[in-house]
Amino acid sequence: MSSRAKYFVVSTSTCLTILLLIGSVIGRSASPDDTYKHIGVFSDVVSRIKSEYVEEPDMKSVTLGALNGMLEAIDPFASYLNAEQYKDYLKNKGLKRADIGLILSRKFGFVGVVGTVEGSPAAKAGFSTGDMVETIGDVATRDMPLAYASMLLQGEPGTPVKLSVVRVRRPEPQTMTLTRANFPMPPVVGKMLDGQVGYINVDALSAPQVKEVAAAIQKLQKDGAQKFVVDVRNCAIGAPEDGVAAANLFLNKGRITYLMGQRVPRQNFEADPAKAITTLPVAVLTNRGTAGAAEILAAALGDNKRAQVVGERTYGDAALRKAITMDDGAAIILSVAKYYSPEGNKAIQDTGVTPGALVAEPESQVDYDDNGEPIAEPADAAPTQQKKVENDIVVKKALELLAKG
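Residues numbered from 1 in each chain as written. Predicted model: local features only at pLDDT ≥ 70, side-chain atom pairs only at ≥ 80, totals over all residues. Heavy atoms only, no water.

(A) Molecular detail of the pairing of strand β12 (residues 267-270). Taken together, the 4 bridges between strand β11 (residues 255-260) and β12 define a ladder with antiparallel strand orientation. Paired with Arg255 across the bridge in β12 is Glu270. Hairpin connection between β11 and β12: a loop of 6 residues separates the two successive antiparallel strands. (Pairing = 2+ DSSP bridges. Helix = DSSP H or I, 4+ residues; strand = E, 2+ residues; numbered from the N terminus.)

Take a look at the structure:
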C-alpha cells in the first residue's frame, strides 16, 4: 500500500470518528452523556489506530486531516490555518493581486470549484462547478486550508500557475498551466428580446453591479420592456447584503431573507418600498454555479411569488463568516450565521435554491493543446455574457412561462 493510500485510510477513519463527535456536539438535542460517549469513542479509535495500524502513523498529519474533514462536514467554505498560514493570510488579505478567477469550496477533502469569474483565465479554460483541483503547483490540495489555496492561486500578473484538475465529466486528472492576470468584474449587460422582454445578465453581484442592475431595469423599461429575465447563472461573486439590495429592486413588500446563528441573534431583512423600481413580471435563471448574493436574490423573488425561478438548483453558499483565533496563533475561518429563505426555515447554504421550473443546461466545451493549456478563442470572439440567447433552452423556458403569465 502506498504512503498516500495509508494516509488516506488513517485520515478517513479519524475523520469519520470526529464527524460523529461533531454531530453530537452541535446537535441541539445532544445530551452531555452523548457528547462524552462520542469523545470516548474518538479517543478509543485514535488509540487503536496508533497501536494496531500496519505502521506508526504520522499523528500530526492525521490530526490535520481530521480537523479539515470535521470542518468540511459542517461548512465546505471553512478553513483551519496554522499559525504560519494565518500570518500569511492576514498579510495578503485585502491586497489586490493577480489571480486566475476560481471561486472555491471544499469537496471530498480536496479543493472544489464553485464557479469562475467571467473573462478570467479560469473561465476561458472552461472550469465549471464541481471540478476538483488536485494540486496547485506541486502541492496536493487534500486537507489544504481553503483560504491558503486561494492565496496560492494569486501572485504577480503574468506569472504561471500549474494545476492538476479532475473535471466533472473527465475521470482522468488533467494538468494545465494558467497565467495569473488582473481582470475587472464583469459588467451587467441588458438587452431587449422579442416580445418586449428585457434580458439582464449578471455575472457578479457586488455593490457596483447592483447599481448597474438598477440602471439596466430603468433603461429597458424606457425601451418598452414589459417583462424581465434576470440571468444569474454562474454568478458566484457578491456579499449577501448585495443580494438583499438587488432583490429589493424588484420587491416593494415582504421579507427578503433573515440571518441567524448560534451566537448571532436573528436579523430580518424586509423589502423597502422606496427602493423598488419595477413591478413588471420577472423570471430568474439559476444553475449550479449560482451562489451567494445571487442565491439570496433568487430565493427572495421565488418565495415571495415575485418571480419564476428557472434552471438548476443553486450551489448553496450564503453565510456570515469570521476568523476565530486559537491560543497557538492558528485560526478557524468559519460560518457563524446563515442566511435563510424567506419562506420556512431553510438555510440557503444547506439546501441551495431549487427552481420551480427545473431545466438542465448542456455543458460548455473547451479545447486544449498538447500541453494541456486551453486554446484561446479568436480575438474578435464575443464574451460569453454577450453571446446570443435565442437558442438558450433555459431562456426559452423562462420566456414560455412569462408568456403564460
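(B) Looking closely at the pattern of salt bridges. This structure, assessed with the given rule, holds 13 salt bridges. The partner of Arg48 in a salt bridge is Asp44, and the shortest N-O contact between them spans 3.7 Å. Of this pair, Arg48 and Asp44 both sit in helix α2 (residues 32-52), 4 residues apart, roughly one helical turn. Here Asp44 falls in the partly exposed class, since its relative accessible area comes to 41%. Between Asp350 and Lys338 there is a salt bridge whose closest N-O contact spans 2.7 Å. On the criterion of sequence distance, the pair formed by Asp350 in helix α10 (residues 348-351) and Lys338 in strand β16 (residues 331-340) is long-range, its members being 12 residues apart. Beyond isolated ion pairs, a larger network of salt bridges with shared partners links Asp231, Arg233, Glu361 and Asp392. (Salt bridge = Lys/Arg side-chain N within 4 Å of Asp/Glu carboxyl O. Buried < 20%, exposed > 50% of the residue type's maximum accessible area, 1.4 Å probe, protein only.)

(C) Representation of the side chain of Thr278 within the structure. Counting through the fold element by element, Thr278 comes out in the loop between β12 and β13 (282-286). A relative accessible area of 4% means that Thr278 is categorised as buried. The contacts of Thr278, once residues within four sequence positions are left out, are Ile217, Gln221, Phe228, Leu249, Phe250 and Arg306. (Contact = heavy atoms within 4.5 Å.)

(D) Representation of the packing of aromatic side chains within the structure. In this structure the tally under the stated criterion is 4 aromatic pairs. Consider the rings of Tyr86 and Tyr89, whose centres lie 6.0 Å apart with planes at 15°: the pair is stacked. With Tyr86 and Tyr89 both in helix α4 (residues 83-92), this residue pair falls 3 residues apart, about one helical turn. Note on Tyr86: relative accessible area 11%, which makes it buried. Each ring, one from Tyr258 and one from Tyr340, has its centre 4.9 Å from the other, and the planes form 5°; the classification is stacked. Taken together, the residues span a long stretch of sequence, with Tyr258 in strand β11 and Tyr340 in strand β16 at a distance of 82 residues. For Tyr258, a relative accessible area of 3% gives the class buried. The ring of Phe110 carries Arg142 above its face, with NZ or CZ at 5.7 Å from the centroid. Above the face of the Phe127 ring, Arg167 is positioned so that its terminal group lies 4.8 Å from the ring centre. (Phe/Tyr/Trp six-rings, centres within 6.5 Å; stacked < 30°, edge-to-face > 60°. Lys NZ or Arg CZ within 6 Å of the ring centre and 35° of its normal.)

(E) Representation of the sheet that holds strand β8 (residues 189-193) in the model. Pairing in this open sheet of 6 strands is mixed, and the strands run β8-β9-β10-β13-β14-β17 from one edge to the other. The open sheet terminates on both sides in strands that have one partner only, identified here as β8 and β17 (357-358). Across 4 bridges, the pairing between strand β10 (residues 227-231) and β13 is parallel. What sits directly across from Val230, in β13, is Val284. The strands touched by helix α7 (residues 207-222) are β8, β9 (197-201) and β10; relative to β9, the strand with the most contacts, the crossing angle is about 160°. Running at roughly 130° to strand β14 (residues 307-311), helix α9 (residues 293-303) makes contact with β10, β13 and β14 of the sheet. (Axes fitted to C-alpha atoms, helices over the stretch in contact; angles between N-to-C directions.)

(F) Layout of the nonpolar core. Judged by nonpolar contacts, the single largest core of 42 residues is most densely connected at Val202, Leu205 and Leu297. Listed by contribution, the elements that provide at least two residues to this core are α7, β10, α8 (240-248), β11, β13, α9 and β16. Per element, the largest residue contribution to this core is 8 residues, and it comes from α9. (Core = buried A, V, L, I, M, F, W, Y, C linked by side-chain atoms within 4.5 Å.)

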